[in-house]
Amino acid sequence: GAGVSQSPSNKVTEKGKDVELRCDPISGHTALYWYRQSLGQGLEFLIYFQGNSAPDKSGLPSDRFSAERTGGSVSTLTIQRTQQEDSAVYLCASSFVGPLSSGNTIYFGEGSWLTVV
Amino acid sequence: LAKTTQPISMDSYEGQEVNITCSHNNIATNDYITWYQQFPSQGPRFIIQGYKTKVTNEVASLFIPADRKSSTLSLPRVSLSDTAVYYCLVNQAGTALIFGKGTTLSVSS
């Protein structure tokens, strides 16, 4: 597609329920990122996928959070047993990773706004 | 990953030039410097990227001194619509991008 697409754009869920957030990256982009941003806060890195390499999961805040990327394209972020502190906007981004000389410009989606009540 | 330091906030008036400086003392040889802009309720948007000296595009200029331990984003003649958070990042291709808290720029009329 033309840009990074995320769904749902808004999600309200009850505490304790599981949620899945979907990200469809820009076609041809090999790298995919998930970030979280709470109201008035900066971006918190969650997880990074690059090609067939093992993902960098160092930012996942707890084992309730997981993500997968199928076929090197679409990614799903899953939050199990949601808590109120999980309320935030979840941003997905993608990039084409070329040679080291090219830097690493990433493009963001509009985010999925999660509210846990 | 190189840590970046930038002012938490800046104020300006319409028509002025705004310069936001970012420090990145432990930047590595292969690291690039990238700036993003974020408006409320939107994802960050790429502004400009550079490795050394000066880069200019239709939106901004990026000045990087020879030692590359800092960089300055220059926004010419800002308008009210430039009010946003500006993030400075240092990264290598193929690695995760870590965002700091950014600089909140407020432009007044």
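Conventions we followed
Residues numbered from 1 in each chain as written. Chains lettered and ligands numbered in written order. Predicted model: local features only at pLDDT ≥ 70, side-chain atom pairs only at ≥ 80, totals over all residues. Heavy atoms only, no water. Helix = DSSP H or I, 4+ residues; strand = E, 2+ residues; numbered from the N terminus. Rg over C-alpha atoms; globule rule 2.2 N^0.38 Å. Buried < 20%, exposed > 50% of the residue type's maximum accessible area, 1.4 Å probe, protein only. Polar contact = N/O pair within 3.5 Å; in protein donor to acceptor, adjacent residues only side chain to side chain. Contact = heavy atoms within 4.5 Å. Phe/Tyr/Trp six-rings, centres within 6.5 Å; stacked < 30°, edge-to-face > 60°. Lys NZ or Arg CZ within 6 Å of the ring centre and 35° of its normal. Pairing = 2+ DSSP bridges. Salt bridge = Lys/Arg side-chain N within 4 Å of Asp/Glu carboxyl O.

**Observations concerning the overall build of chain A**
Piece 1. Looking only at helices and strands, chain A has zero helices and 10 strands in total.
Piece 2. Seen in sequence order, chain A has helices and strands lined up from the N terminus as β-β-β-β-β-β-β-β-β-β.
Piece 3. For 117 residues, the compact-globule formula gives about 13 Å, and the C-alpha radius of gyration of chain A, at 14 Å, lands near that figure.
Piece 4. Along the longest, intermediate and shortest principal axes, the C-alpha atoms of chain A span 45 × 25 × 25 Å.
Piece 5. The burial tally for chain A puts 47% of its 117 residues in the buried class.

**Structural notes on the overall build of chain B**
Piece 1. Broken down by element type, chain B carries zero helices and nine strands.
Piece 2. Reading the secondary structure of chain B in the N-to-C direction produces β-β-β-β-β-β-β-β-β.
Piece 3. Viewed in the frame of its principal axes, chain B has a C-alpha envelope of about 40 × 30 × 25 Å.
Piece 4. Counting the 109 residues in chain B, one finds 47% classified as buried.

**Re the side chain of histidine 29 of chain A**
All names here are of chain A.
Piece 1. Within the secondary structure, histidine 29 sits in the loop between strand E3 (19–24) and strand E4 (31–37).
Piece 2. Reaching out from histidine 29, the side chain makes a polar contact with the backbone nitrogen of serine 95 at a distance of 3.2 Å.
Piece 3. Residues within four places of histidine 29 in sequence aside, it is in contact with Arg69, Gly72, Ser94, Ser95, Phe96 and Tyr107.

**Quick look at the packing of aromatic side chains**
Piece 1. In total, this model carries 11 aromatic pairs over all chains according to the counting rule given.
Piece 2. When the ring of tyrosine 35 of chain A is compared with that of phenylalanine 45 of chain A, the centres are 5.9 Å apart and the planes differ by 65°; the resulting orientation is edge-to-face. Pair noted here: tyrosine 35 of chain A is in strand E4 and phenylalanine 45 of chain A is in strand E5 (residues 44–50), with a separation of 10 residues, a long-range link. Of the two residues, tyrosine 35 of chain A and phenylalanine 45 of chain A, neither departs from the other in class, the shared state being buried.
Piece 3. Grouped by ring-pair contacts, the aromatic residues Tyr33, Tyr35, Phe45, Tyr48 and Phe108 of chain A together with Tyr36, Phe46, Tyr87 and Phe99 of chain B constitute a single cluster.
Piece 4. Across from the ring centre of tyrosine 51 of chain B, 4.0 Å away, lies the NZ or CZ of arginine 68 of chain B, which sits over that ring.

**What about the pairing of strand E6 (residues 65–69) of chain A?**
All names here are of chain A.
Piece 1. Burial of E6 is one-sided: the residues Phe65, Ala67 and Arg69 facing one way are buried, the residues Ser66 and Glu68 facing the other way are not.
Piece 2. Across five bridges, the pairing between E6 and strand E7 (residues 75–79) is antiparallel. When the sheet's bridge partners are listed, alanine 67 is paired in E7 with leucine 77.

**Describing the pattern of salt bridges**
All names here are of chain A.
Piece 1. By the definition in use, this model includes five salt bridges over all chains.
Piece 2. A salt bridge links glutamate 44 to arginine 36; its shortest N-O distance comes to 3.0 Å.
Piece 3. In this structure glutamate 44 comes out as partly exposed when scored by relative accessible area, which is 30%.
Piece 4. Here aspartate 86 ties to arginine 64 by a salt bridge, and the two come within 2.8 Å at their closest N and O atoms.

These results come straight from atomic positions and should not be treated as a statement about function.
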